[in-house]
Amino acid sequence: MKEKQSYHMDLETFRKNGYATIDWVVDYLKNVESYPVLSQVKPGDIRKQLPDAAPEKGESFDAMLKDVTEVVMPGITHWQSPNFFAYFPGNSSPPAILGEILSAGLSVQGMLWATSPACTEVETHVMDWLVKMLDLPEKFMSHTKGGGVIQHSASDATLCALLAARERVSSGEVNKKGGTGNLIAYTSAQAHSSIEKGCMIAGIGTDNLRLIDVDDEFSMRPEALDAQIQKDKDAGLIPFFVCTCVGTTSSLALDSVAEMAKVTKKHDLWLHVDAAMAGTAAVCPELRFINEGVQEADSYTFNPHKWMFTNFDCNAFFVADRAALINALSILPEYLKNEATNDGAVFDYRDWHIPLGRRFRALKLWFAIRHYGVEGLQFHIRKHVELSQQFKQWVIDSDNFDLVVDNPLNLICFRHKDGDDKTEAIMASVNQTGEAYLTHTKLNDKYTIRMSIGQTNTELKHVEHAWRLLNEASDKLSK
Ligand SMILES: *Cc1c(COP(=O)(O)O)cnc(C)c1O
């Protein structure tokens, strides 16, 4: 009897299955509007259709793809539907998806320059492009003392900023001896939960994170920040880090980076800017007011995986002083020593983030930027902002709904005139139709619907349809 030589998928079969997979994805994206945007399954519905144990004998690719269609699809919430208005977009685009495939095809580990030089150099180059595209300060570019790096998520970027600031203020002592003692961090009371999580992980402790009051527009109050820092200093504590938000998650509120910078400069603190969602807007010159004052920041982050047509995961993180970051995160065991690293001639990105290994994520961002060009990105960002502003005007003119905050970008927060219960019921009713999906927040303790417009293919007709659904639900629930 002949022995089996291999269990691998041979490359010609891979080619055939690869074409079938692309066909599947293209058909999916073509038909994405035919699915209920919000998955309607109950907990456990998907798992109970899967066998208890892994198959003893390998299965056909057709069987796998069939299970994706039949078992997986009902459990998918369609983030790529143009009727997706929930949370923030996690948008993507065909060029980015193709870059992702190439990244998997190469499957390199880019932890060091030497482990795949192109993985580092394309990334550095595209990060430099972003600085120019968004008109960020030159000090974030790689030819200066700073530079940019792709991180998994904004949460990782903010954690890295915290670690760099922690090491800078302690002159490297915390890494050696542990214990962060009296270090105090500051952020807006409206800041993303990732700042709190970062403080937990970095050993700062949530008791040592001050949540600063916001004004009527939900922007952090600079005088409250200044007063709290002074109070902590007077108490013998060591303020070291401020995270300011350009576009909060709850309401896309914009802190004034310029005002925060005055305070951080006065007290000599690290200023980190979290522009996870809104950062992409700066590709349009007329929207760059959101970043005013960013020249003073020590670090800046935004997510191309939210609004820049690049599928998750792709976060952009910039620092003005890369030595501070590298000092916080670098270790060099014997098995990673090599000439290029020793000469200091290259970036080794493993020293710029938490894990050692890293994928070639720059490919998908590079492809997205090259496909659209700056002009194409501006076109689509402007369209999303225009649609949002149009929606905002409908809310203002409406007999059913009230606008809660006046946002100049692409998140519109509103509620029903009859209050919380009605607002919540309307949103639930719209989501149940499966024809649109929205989520909520609480602002001033009141239930508020968020209409987030940024999915790659959202057009006027989708926004109009959502507005119609909201008003129909309002009428129906009033009877
Ligand atoms: C979405 C968001 C984050 C978290 O983003 P991840 O990339 O998922 O970690 C952080 N800050 C703000 C303002 C956000 O909107």
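Look up: the structure comes first, before these words.
First, a word on scope: everything that follows refers to the structure included in this document.

Cut-off values and rules
Residues numbered from 1 in each chain as written. Predicted model: local features only at pLDDT ≥ 70, side-chain atom pairs only at ≥ 80, totals over all residues. Heavy atoms only, no water. Axes fitted to C-alpha atoms, helices over the stretch in contact; angles between N-to-C directions. Helix = DSSP H or I, 4+ residues; strand = E, 2+ residues; numbered from the N terminus. Parallel < 35°, antiparallel > 145°, perpendicular 65-115°, else oblique. Left-handed = near helix turned anticlockwise from the far one by under 90°. Contact = heavy atoms within 4.5 Å. Nonpolar A, V, L, I, M, F, W, Y, C, P; charged D, E, K, R; others polar. Buried < 20%, exposed > 50% of the residue type's maximum accessible area, 1.4 Å probe, protein only. Near = heavy atom within 4 Å. Polar contact = N/O pair within 3.5 Å; in protein donor to acceptor, adjacent residues only side chain to side chain. Areas by Shrake-Rupley, 256 points an atom, 1.4 Å probe, with all protein chains shown as cover. Pairing = 2+ DSSP bridges. Core = buried A, V, L, I, M, F, W, Y, C linked by side-chain atoms within 4.5 Å. Domains from an automatic or database assignment. Disulfide = S-S within 2.5 Å. Right-handed = clockwise from strand over helix to strand, strands pointing away. Arc of directions from axis to C-beta.

Here we take up the packing of helix H14 (residues 420-433) against helix H15 (residues 460-478). Axis separation between H14 and H15 bottoms out at 9 Å; the angle between their running directions is 120°. Between H14 and H15, the crossing angle belongs to the class labelled oblique. Considering the relative orientation of H14 and H15, their crossing is right-handed. Along the contact surface, H14 presents Lys422, Ala425, Ile426, Ser429, Val430 and Thr433, while H15 presents Leu469, Leu470, Ala473, Ser474, Lys476, Leu477 and Ser478. For the contact of H14 with H15, a count of residues per class yields seven nonpolar, four polar and two charged.

Our focus in this paragraph is the environment of Gln390. By the secondary structure assignment, Gln390 is in helix H13 (residues 362-397). For Gln390, a relative accessible area of 35% puts it in the partly exposed group.

Another point: the site of the ligand. Around the ligand, the surrounding shell holds 13 residues, and the nearest of these are Ala154, Ser155, Asp274, Asn303 and Lys306. Between the ligand and Ser155 there is a distance of 2.6 Å, counted from an oxygen atom to a side-chain nitrogen or oxygen. In isolation the ligand exposes 390 Å². Once the protein is present, 88% of that is buried. If you list the elements that add at least two residues to the shell around the ligand, you get helix H5 (154-169) and helix H10 (304-307). When the residues that make up the shell around the ligand are grouped by side-chain class, the tally is three nonpolar, eight polar and two charged.

Moving on: the sheet that holds strand E5 (residues 270-274). Strands sit in the order E1-E7-E6-E5-E4-E2-E3 across an open sheet of seven strands; the sheet is mixed. Pairing within the sheet leaves two strands with one partner each, and these edge strands are strand E1 (147-151) and strand E3 (209-212). Sheet twist, expressed as the average angle between the axes of neighbouring strands with direction ignored, equals 20°. Where E5 and strand E6 (residues 299-302) come together, three bridges link them in parallel fashion. Paired with Asp274 across the two strands is Thr301, which belongs to E6.

In this structure, Leu130, Phe140, Tyr300, Phe302, Phe318 and Leu365 are the most contacted members of the largest nonpolar core, which totals 67 residues. Per-element accounting of this core gives the leading share, eight residues, to H13. Counting only domains with at least three residues in this core, you end up with domain 1 (25-91 + 376-479) and domain 2 (108-358). Discounting chain neighbours no more than four positions away, the residues touching Tyr300 are Leu136, Phe140, His272, Val273, Ala275, Gly279, Asn291, Val294, Ala316, Phe317 and Phe318. With 29 residues, the next largest nonpolar core counts Cys199, Val319, Ala324 and Leu325 among its residues.

Once that is clear, we can look at the state of the cysteines. Enumeration according to the criterion identifies zero disulfides in this entry. Cysteine Cys199 remains unbridged, with the sulfur of Cys243 as its closest cysteine sulfur at 9.1 Å.

Another aspect to go through is the sheet that holds strand E9 (residues 411-416). Across the sheet, which stays open at both edges, the four strands sit in the order E8-E9-E11-E10 with antiparallel pairing between neighbours. For this open sheet the edge positions go to strand E8 (401-405) and strand E10 (439-443), each flanked by a neighbour on one side alone. The sheet shows a mean angle of 45° between the axes of neighbouring strands, direction not considered. In terms of strand pairing, E10 meets strand E11 (residues 446-452) through five bridges, oriented antiparallel. Within E11, the position partnered with Thr441 by the bridge is Thr448.

Bringing the pairing of E3 into the picture now. As defined by bridge partners, strand E2 (residues 183-188) adjoins E3 across four bridges and the pair is classed as parallel. Counterpart to Thr187 in the pairing with E3 is Leu211. In this region the chain leaves E2, passes through helix H7 (residues 193-201) and returns to the parallel neighbour E3; the handedness of that crossover is right-handed.

Of all the residues in helix H9 (residues 257-267), the buried ones are Val257, Met260, Ala261, Val263, Thr264 and His267. Down the axis of H9, the buried side of the element spans an arc of 165°, and every buried residue falls inside it. Summarising the geometry of H9, the exposed residues directed more than 90 degrees from the buried face are Lys262, Lys265 and Lys266. On the buried face of H9, the contacting elements are helix H8 (222-234), strand E4 (238-245) and E5.

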